Every structure is written in C-alpha cells, then in structure tokens.
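# Inside the fold
Given next are the chains, with one letter for each unit.
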Amino acid sequence: MTSIIIRSPDYFHLHLRDGLVLLDTVTATAMNFSRALIMPNLQPPIINTKDAIEYYYRILNVIPENNNFKPLMALYLSSNTTIEDIILASKTSIIKAIKLYPAGTTTHSNHGIKLTELRQYYPIFQCMAEHNLILCIHGEVPDEEVDIFDREIVFIEKYLKSLINDLPNLKIVFEHITTKDAVDFVINSGPNLSATVTVQHLFSNRNHLFENGLQPHNYCLPILKTEKDRQSLIKAVTSGSSKFFAGTDSAPHAKNKKEVSCGCAGCYTSPVAVALYTEIFDMYNSLDKLQGFLSDNGAKF
Ligand code: DOR
Ligand code: ZN
C-alpha cells in the first residue's frame, strides 16, 4: 500500500503554548490536523472567555496561508470560574470545553482545583451540561500518599465514579488515559464518558523511561504505565469503539527544560502524531478503524 485516505483528523488535546514558539507549534499542527482543542494551561492560565478569544486570535495570526486549521478553545477551571463565565463561553462558537486540572498534577496546574472540593463545582458542571460544554479532565490524584503509577485508578475510584453518577447529563472526556483500569471503566460507562489516548502511551511502557539510562523525553504525565496497560490501550483504540479518540497531549518544552536535573513533563508529538497513530493501527491490522479514531469519534462526541 502506498497511500491511505481518511477524513481530515481532529486532535482533542493539544498544547500550543504562546509567544515565540506559537508559530512552530501551530504550523506543525496545521499541517496534520484540521481542528484541535487547545489546552489553556498558559501562565497565567486562560480562565475566561475574553482571554480565550485573545489567545484564539494569536493562534489564527500564525496559521499558514491557505490552511483551514481551526483551533477550538478550552477554559481552565479555577476557583475564580463563575456561572456567568460558563454561559458566556457557551455563546461563542469557539469555546467547546472546560479543562479540569487537579492542582499539583502536571505542568502549570497550580491554579487548578482541589479534588476534595470537587462538589463545590457541581453548579458549574450542571450549567455546562445545560449549555453543551464538555468537561475535559486530567484524571489523576496527585496526593503525596498515592503512588504515581496509581494516580489514575485512585481518581476513578475516589472521584470519577461519583461525578458520573451525580451528573449523568454532563459530557466528560477522561483525557490521556493510561491504564487497563481506565479502559475498562470507560467501556463500561454510559455514552457521556469518552477518553482520549496519546501516541506516547500507545508506543511506550514505563521501561522506556529507563532504557539504557534515564530518558527524559519519555517523561510525561500521566506517567507511562506497564506493558499490560499499553496492550489494553492498543486493544481499545483498534477495537473501533467510538468511545476512544485521538488527543495526543503534544506538550513542547525547551530542550534545556527536558535535559536537566529536574525536567519538565511532556512529549512534543504533534508533527509526527498522525504518522505514529497510523503506524500503530497498521501494526495491529486495524487501518480500517483509523479514521474513526482520528477523525470521526471525537467530532461526534
Ligand atoms: O506531560 C504533560 N505535559 N502532561 C500534561 O498533562 C501537561 C503537559 C504540559 O503542559 O507540559
Ligand atoms: Zn495536556
């Protein structure tokens, strides 16, 4: 086979950053994807509609000529988020989601929420459900006493199960899932829960963090998991289930912030993500499911 034709892909979890790198990150993405959901964890974060619209125009400014790439925006949920913000966001045609970062989970999550206070946000979640905004969740519990490899399963048990039960009308994307537990949970949940899967979690397991020495470019959050987990993710995405779609969490950091004694989390994958997803689907004889995963499932959700 020499070519594969699929509907142009969407990318439902992307860090473009801001400032000087924006030109490179937007160009790389626009070459490969038709739309992307842009993460709001800038410094300071994109908390309200006004900031999201300004960021949106900074992105539009650097899209290559004659390219139809369309950024979709997400607001950063914080203790300053109000119902009015949510209603205003829902009235725009570009803000599609609100991002929940538990404080302490990942890069620039310090303005995120305390999971122990999750219930205080229920009126906001209810309003989102009524106004058709999706909740995107970095699903990990970052507490000191939770082992880093168990952060996702603890999140499911302690928070996600009750959130879904309490707010059955809220559409939730369980982002960048990494474990068999998460795969099983998503498959067994109702239609309002979907999940994104990154390219790095399909290609690598936690051994790859330490192969022939410490590999900082394989360090991302949620951290890579076991081979059993990786196999479960591959099975899920190549099964054709519409609950799983691409969101590769492409997260660039400067080389000197990765190759350093205390390095940042994130894999910069957007220039090669379509090719790598395709390779996985090819390896597992599932190219017929590629378009669903890359282009259809997320859009339908
Ligand atoms: O590895 C990661 N890097 N995971 C995230 O959730 C955030 C991202 C970043 O923004 O650097
Ligand atoms: Zn991310």
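Each remark here, short or long, concerns the structure printed above.
Let me sum up the structure you'll find in this document.

We now examine the coordination of the zinc ion (ligand 2). Distances from the zinc ion (ligand 2) to its protein donors, His13 (NE2), His15 (NE2) and Asp249 (OD), fall within 2.0 to 2.1 Å. Of note, the zinc ion (ligand 2) draws all its donor residues from one chain, in the sequence arrangement H-x1-H-x233-D. Separated by 234 residues along the polypeptide, His15 in the loop between β1 (10-14) and α1 (22-30) and Asp249 in the loop between β8 (244-246) and α9 (255-258) bring together distant segments of the chain. Accessibility assignment for this pair places His15 and Asp249 in one class, buried.

What follows is about helix α8 (residues 227-238). The terminal C-alpha atoms of α8, which comprises 12 residues, lie 16 Å apart, in line with the 16 Å expected from a rise of 1.5 Å per residue. Taken together, the buried positions of α8 are Asp229, Arg230, Ser232, Leu233, Ile234, Ala236, Val237 and Thr238. Tucked into the core, α8 has its buried residues touching α6 (180-187), β7 (193-197), α7 (199-203), β8, α10 (273-283) and α11 (290-300). Where α8 ends, the next residue or the one after it, Gly240, has phi of about 90°, a positive value.

Burial in helix α4 (residues 122-130) covers these residues: Tyr122, Ile124, Phe125, Cys127 and Met128. Of the residues one or two after α4, Asn132 is the one with positive phi, at around 65°.

Our focus in this paragraph is the state of the cysteines. The tally for this structure, following the rule as stated, stands at 0 disulfides. Left unpaired, Cys127 is separated from the closest cysteine sulfur, that of Cys136, by 16 Å. When its relative accessible area of 5% is taken as the criterion, Cys127 is described as buried. For Cys262, which is in no disulfide, the shortest distance to another cysteine sulfur is to Cys264 and amounts to 7.8 Å. In this structure Cys262 comes out as exposed when scored by relative accessible area, which is 69%.

Before going further, it helps to spend a moment on the sheet that holds β8. The strand order β1-β2-β3-β4-β5-β6-β7-β8 describes an open sheet built from 8 strands, whose pairing is parallel. Edge strands, defined here as strands with exactly one partner in the open sheet, are β1 and β8. Direction aside, neighbouring strands of the sheet carry axes that sit 30° apart on average. The sheet contact formed by β1 and strand β2 (residues 35-38) spans 3 bridges and is parallel. Across the sheet, the residue bridging to Leu14 is Ile38, located in β2. Contacts between helix α5 (residues 151-166) and the sheet are confined to β5 (134-137), β6 (172-174) and β7, with β6 contributing the most and set at about 170° to the helix.

Reading guide: rules and limits
- Residues numbered from 1 in each chain as written.
- Chains lettered and ligands numbered in written order.
- Predicted model: local features only at pLDDT ≥ 70, side-chain atom pairs only at ≥ 80, totals over all residues.
- Heavy atoms only, no water.
- Donors = N, O, S within 2.8 Å, 3.2 Å for Na, K, Ca; no water.
- Helix = DSSP H or I, 4+ residues; strand = E, 2+ residues; numbered from the N terminus.
- Buried < 20%, exposed > 50% of the residue type's maximum accessible area, 1.4 Å probe, protein only.
- Expected span 1.5 Å × (residues − 1).
- Contact = heavy atoms within 4.5 Å.
- Disulfide = S-S within 2.5 Å.
- Pairing = 2+ DSSP bridges.
- Axes fitted to C-alpha atoms, helices over the stretch in contact; angles between N-to-C directions.

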